[in-house]
Amino acid sequence: MSFLLPKKNVGEKLRLGIMGGTFDPIHMGHLVTAEEACQQFNLDHVVFMPSGEPPHKDKRNVTDAEHRYLMTMLAVVANPKFTISRLEIESKHPSYTVDTVRRFHEIYGESLTLYFITGADAIIDIMTWKDYRELLELCSFIATSRPGYSLHKLREVFGDSFEVIMRHVHLLEVPAMAISSTEIRRRVAAGKTIRYLTPDPVEQYIHKNRLYIPRSLD
Ligand code: NAP
């Protein structure tokens with residue numbers, strides 16, 4: 001994996017968060033979420049993991065992985081606790097979370113405590129994810145939501161498995177997640193400003209590469 005992480009003393013566990021998402025594009029909500037998770041769960045590092053080929057999405061609707069990787073890199077570079085991985089974008093296969101998490105365990109072995117951070121609206125579908133039972137044993141989940149997210153929704157979808165699944169899932173409310181990638185794409189397409197919704201270099205990258213502009217106007 002193409003990043004350096006701090007060495008821990010013998011017997012001390014490395015506490016890592018993997019921030020998984022499509023990041024199309026990354027925005028302030030993602031950064032605030034990662035910072036909050038880092039503090040609340042006492043993480044040594046958060047590794048941003050842009051999906052290569054999201055397993056549940058039509059790839060024609062997702063921006064090229066290199067663009068999403070570069071925007072994420074621009075957004076995280078200034079934070080010494082944040083890093084980024086090319087593991088999923090370089091994979092020839094769909095980005096199954098269980099494969100990513102297994103890879104981290106192969107590399108760090110027993111000395112790793114792993115959290116997977118992503119949106120509660122993604123985790124709600126976890127029972128459809130590849131090998132989800134094993135996945136829940138391999139890491140804890142930090143499910144982030146806008147304020148007021150109701151556990152009711154998860155209870156309904158998880159049914160009888162609710163208690164078991166929620167032993168491995170922590171809910172984290174993040175007001176800044178009112179920002180969404182979908183809204184940013186819509187605003188760019190409509191010619192509206194996205195300043196302060198995403199870091200300046202990401203905004204500049206989007207405009208320079210004419211991302212999110214409808215084909216008819218390009
Ligand atoms: P998504 O369906 O595009 O997003 C669902 C919601 O979660 C959106 O509101 C999204 O907001 C938010 N979100 C996504 N990533 C987030 C993050 N890291 N922190 C906070 N909020 C986040 O989800 P996705 O990005 O495609 O997938 C999320 C992760 O789950 C990825 O790592 C993906 O590989 C994994 N996943 C795995 C499987 C599997 O293994 N079978 C299946 C599905 C998803 P924004 O749109 O603003 O980001």
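Structural data are supplied above this passage.
Residues numbered from 1 in each chain as written. Predicted model: local features only at pLDDT ≥ 70, side-chain atom pairs only at ≥ 80, totals over all residues. Heavy atoms only, no water.

*Asks:* What's the story with the nonpolar core in this structure? I'm lost.
*Replies:* Generally speaking, nonpolar side chains in soluble globular proteins are found buried as a group. Counting 34 residues, the largest nonpolar core has Ile 26, Val 46, Phe 48, Met 71 and Ile 206 as its most contacted members. Taken together, the elements giving at least two residues each to this core come down to helix H1 (28-40), strand E2 (45-50), helix H2 (65-76), strand E3 (82-84), strand E4 (112-119), helix H8 (181-189) and helix H9 (200-208). In terms of residue count, H2 provides more of this core than any other element does, 5 residues in total. Sequence-distant contacts of Met 71, that is, excluding residues within four places in its chain, are made with Pro 25, Ile 26, Val 202, Tyr 205, Ile 206, Leu 211 and Tyr 212. Counting residues in each nonpolar core, the second largest holds 28 residues, with Val 47, Leu 112, Ile 123 and Ile 126 among its members. (Core = buried A, V, L, I, M, F, W, Y, C linked by side-chain atoms within 4.5 Å. Buried < 20%, exposed > 50% of the residue type's maximum accessible area, 1.4 Å probe, protein only. Helix = DSSP H or I, 4+ residues; strand = E, 2+ residues; numbered from the N terminus. Contact = heavy atoms within 4.5 Å.)

*Asks:* Would you take a moment to explain the pairing of strand E1 (residues 14-21) for this structure?
*Replies:* One face of the sheet, then the other: side chains in a regular strand alternate in exactly this way. Among the 8 residues that make up E1, 7 are buried, leaving the element largely enclosed by the rest of the structure. Relative to E4, E1 runs parallel, the two being bridged by 6 bridges. Opposite Ile 18, over in E4, you have Phe 116 as the bridge partner. Pairing analysis gives 6 bridges linking E1 to E2, with the strands arranged parallel. Bridging from a neighbouring strand, Gly 17 pairs with Val 46 of E2. Between the parallel pair E1 and E2, the chain is carried across by H1, and the sense of this crossover is right-handed. (Pairing = 2+ DSSP bridges. Right-handed = clockwise from strand over helix to strand, strands pointing away.)

*Asks:* Where do I start with the layout of surface pockets in this structure?
*Replies:* Where empty space is left can be seen by rolling a probe of water-molecule size over the atoms. One number sums up the size of the largest pocket: a volume of about 1100 Å³. Forming the walls of the largest pocket are 42 residues, and the residues nearest its centre are Thr 22, His 56, Lys 57, Thr 118 and Ala 122. Those elements giving two or more residues to the lining of the largest pocket turn out to be E1, H1, helix H3 (97-108), E4, helix H4 (120-123), strand E5 (140-145) and H8. The element contributing the most residues to the lining of the largest pocket is E4, with 4 residues. Classifying every residue of the lining of the largest pocket gives 15 nonpolar, 19 polar and 8 charged. Contributing to the lining of the second largest pocket are 13 residues, with Arg 60, Thr 63, Tyr 212, Ile 213 and Arg 215 lying nearest its centre. Here the lining of the second largest pocket is built from residues that sort into 4 nonpolar, 2 polar and 7 charged. (1 Å grid on protein atoms, 1.4 Å probe; cavity = no way out; pocket = protein on both sides within 12 Å on 5 of 7 lines; lining within 4 Å. Points joined across faces, edges and corners; volume = space filled by probe spheres on them. Nonpolar A, V, L, I, M, F, W, Y, C, P; charged D, E, K, R; others polar.)

*Asks:* Help me understand H2 in this model?
*Replies:* For the α-helix, the turn length of 3.6 residues means that residues three or four positions removed from each other point alike. Between the first and last C-alpha of H2 there are 16 Å, a value that for 12 residues agrees with the 16 Å anticipated at 1.5 Å per step. Sitting at the amino-terminal end of H2 is Asp 64, which places a side-chain oxygen 3.1 Å from the backbone nitrogen of Glu 66. (Expected span 1.5 Å × (residues − 1). Polar contact = N/O pair within 3.5 Å; in protein donor to acceptor, adjacent residues only side chain to side chain.)

*Asks:* Teacher, can you tell me more about the pattern of salt bridges here?
*Replies:* Where side chains of opposite charge bring their charged atoms close, a pairing between them can arise. Within this structure, the stated rule accounts for 10 salt bridges. Measuring nitrogen to oxygen at the nearest pair gives 2.6 Å for the salt bridge that ties Glu 66 to Arg 86. Of the two residues, Glu 66 sits in helix H2 while Arg 86 sits in the loop between E3 and H3, which places them 20 residues apart along the sequence. Between Glu 203 and Arg 195 there is a salt bridge; the shortest N-O distance is 3.9 Å. Given a relative accessible area of 10%, Glu 203 falls into the buried group. Arg 195 sits in the partly exposed class, given a relative accessible area of 47%. One network of salt bridges, with partners in common, ties together Asp 99, Arg 102, Lys 130, Asp 131 and Glu 134. (Salt bridge = Lys/Arg side-chain N within 4 Å of Asp/Glu carboxyl O.)

*Asks:* I'm lost on the state of the cysteines in this one. Help?
*Replies:* In protein structure, a disulfide is the covalent linkage between the sulfur atoms of two cysteines. Under the definition given, this model contains 0 disulfides. Between Cys 139, a cysteine without a disulfide, and Cys 38, which holds the nearest cysteine sulfur, the sulfur-to-sulfur distance is 17 Å. Among the residues examined, Cys 139 registers a relative accessible area of 5% and is labelled buried. (Disulfide = S-S within 2.5 Å.)

*Asks:* I keep staring at the environment of Thr 72 and nothing clicks. Help me out?
*Replies:* Here Thr 72 is to be found in helix H2. With relative accessibility at 0%, the residue Thr 72 sits in the buried group. Once the C-alpha coordinates of Thr 72 and Phe 23 are considered, the two residues, 49 residues apart in sequence, prove to be 7.1 Å apart. Excluding anything up to four places from it in sequence, Thr 72 contacts Phe 23, Ile 26, Phe 48, Pro 50 and Ile 84.

*Asks:* How do you make sense of the packing of aromatic side chains when you look at a structure like this?
*Replies:* By convention here, two paired aromatic rings are described through the distance between centres and the angle between planes. If you walk through the whole model with that rule in mind, you get 6 aromatic pairs. Measuring from ring centre to ring centre gives 5.3 Å for Phe 41 and Tyr 115, while their planes differ by 55 degrees; the resulting arrangement is tilted. Placement of Phe 41 in the loop between H1 and E2 and of Tyr 115 in strand E4 is noted, with a sequence separation of 74 residues between them. For the pair shown, Phe 41 and Tyr 115 are each scored as buried. Chaining the aromatic ring pairs together yields one cluster made of Phe 23, Phe 48 and Phe 82. Note that Arg 86 overlies the ring of Tyr 69, its terminal NZ or CZ placed 4.6 Å from the centroid. (Phe/Tyr/Trp six-rings, centres within 6.5 Å; stacked < 30°, edge-to-face > 60°. Lys NZ or Arg CZ within 6 Å of the ring centre and 35° of its normal.)

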